[in-house]
Amino acid sequence: MKTVCWIVAAACAMTTAWLSFREGALAERVSQKAGTGLLAIEHDSTESDLVIFAGGTIRVDFNAKEFALSRRDLTEWVRDSARATAAYFGRFPVPHAHLVFEPTGGTEVASGRAVGRPEPKIVVTMGNRTKGSQLAHESLLVHEMTHLAIPDHDIRHLWLHEGIATYVEYIARAQAGLIPASAMWAELMRELPTGLPERREAGGLDGTPSDGRRYWGGALFCLLADIEIRKATSNRLGLQDALRALQLQGGNLSRLWTLERTLDIADRGTGTAALSQLYRLMGNRPHTPDLNRLWRDLGLIREHGGLVLDEMAPLASIRRAITDRPSAPLLVAEPRLLRIVDARMRELQR
Ligand SMILES: [Zn+2]
């Protein structure tokens, strides 16, 4: 089961006033570097970093004294997660986001929370003994960044938010080369069945009280939509293009949209009705697709405890297209600037 995640639409007004005061000085420094199209991590103080890249900035609040892992390990995780998210959506979901790390006991990333208003903000609660080596396999940050890209909806439709965030955290990381495609498919094959309806379940995804249905039922909705869009467009477009259309129409977590509006705009982005049709099938009644047949059609064969990819399967080209590197990733960092940043980090760590 997934790490706990919340999306919340409002935060404390006092905090906002304090942040606005501090952002003034930071914004001036960003403007000197933004537009270079490069990725950088600039140390503003001992506790605050700024990740700057084409189309977005992320302010990172991390007090290294409260954690066992180094600032460098943490900023690499933030940078990799931001790069994967931005490559998936064509740009980072919002121009500026605030990322806060809060310590708790233990050795794991415990939970994440994304809010859209009054400013896009992600709070990650992390065990104080978490090791840097763990973060390379940790997808929670891409999950939370993806929440920032999707409009807020009525609470009955929370499954769509969690489903998209869960699906994209895997696909975006595979597209960015952070996880091998075969490992990603093996994880989806293991987890997606937990999103299927219970045998006697009468309802659909709307208003489901089940975490499994909300996260993995929503993710299954996304996989089925991805495949349907690709079938309808000769494999030229996918769910990624539908979600990018939301971005182009100003959709993000700070906006409250109806589900119908979100699905309609996303469908227009691919010239299909895939999402609206699937919602009619899965929104208010149980739908149980034959997953074993789906894996076979995609060319995913379980063999001797591992996964074999059948490239002759009927949907093998669609499976490959889903994890292909996006045609226009924006966050291809220039190594020169990164080396300067690394040198500055070493200075600060002495
Ligand atoms: Zn979530």
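Refer to the structure printed above.
Residues numbered from 1 in each chain as written. Predicted model: local features only at pLDDT ≥ 70, side-chain atom pairs only at ≥ 80, totals over all residues. Heavy atoms only, no water.

K.L.:
Please clarify how the environment of H157 should be interpreted in this entry.
P.N.:
Mapped onto the secondary structure, H157 falls in the loop between α4 (140–147) and α5 (158–175). Relative accessible area serves as the criterion here: at 5%, H157 is assigned to the buried category. In the structure, H157 is positioned 61 residues away from G218 in sequence and 9.6 Å away in space, judged by C-alpha atoms. If we skip the residues at most four places from it in the chain, H157 touches D206, L259 and Y279. (Helix = DSSP H or I, 4+ residues; strand = E, 2+ residues; numbered from the N terminus. Buried < 20%, exposed > 50% of the residue type's maximum accessible area, 1.4 Å probe, protein only. Contact = heavy atoms within 4.5 Å.)

K.L.:
Just checking my understanding: could you explain the pattern of salt bridges for this structure?
P.N.:
When the charged atoms of two side chains lie near each other, side chains of opposite charge can form a pair. Counted by the stated rule, this structure contains 13 salt bridges. With a closest N to O distance of 3.1 Å, R59 and D61 form a salt bridge. Exposure remark for R59: the relative accessible area of 0% places this residue in the buried category. Classification of D61 by relative accessible area gives buried; the value is 17%. Look at the salt bridges and you will find they share partners, linking R79, D80 and R83 into a network. (Salt bridge = Lys/Arg side-chain N within 4 Å of Asp/Glu carboxyl O.)

K.L.:
Would you mind showing me how to read the nonpolar core here?
P.N.:
Nonpolar side chains in soluble globular proteins tend to be buried together. Counting residues in each nonpolar core, the largest one holds 57 residues, and the members touching the most others are F221, L223, L239, L243 and W295. With 11 residues, helix α7 (residues 211–232) is the largest single contributor of residues to this core. Counting residues domain by domain, this core receives three or more from each of domain 1 (4–149 + 332–349) and domain 2 (155–323). Sequence-distant contacts of L223, that is, excluding residues within four places in its chain, are made with Y167, W185, L192, L294, W295 and I322. (Core = buried A, V, L, I, M, F, W, Y, C linked by side-chain atoms within 4.5 Å. Domains from an automatic or database assignment.)

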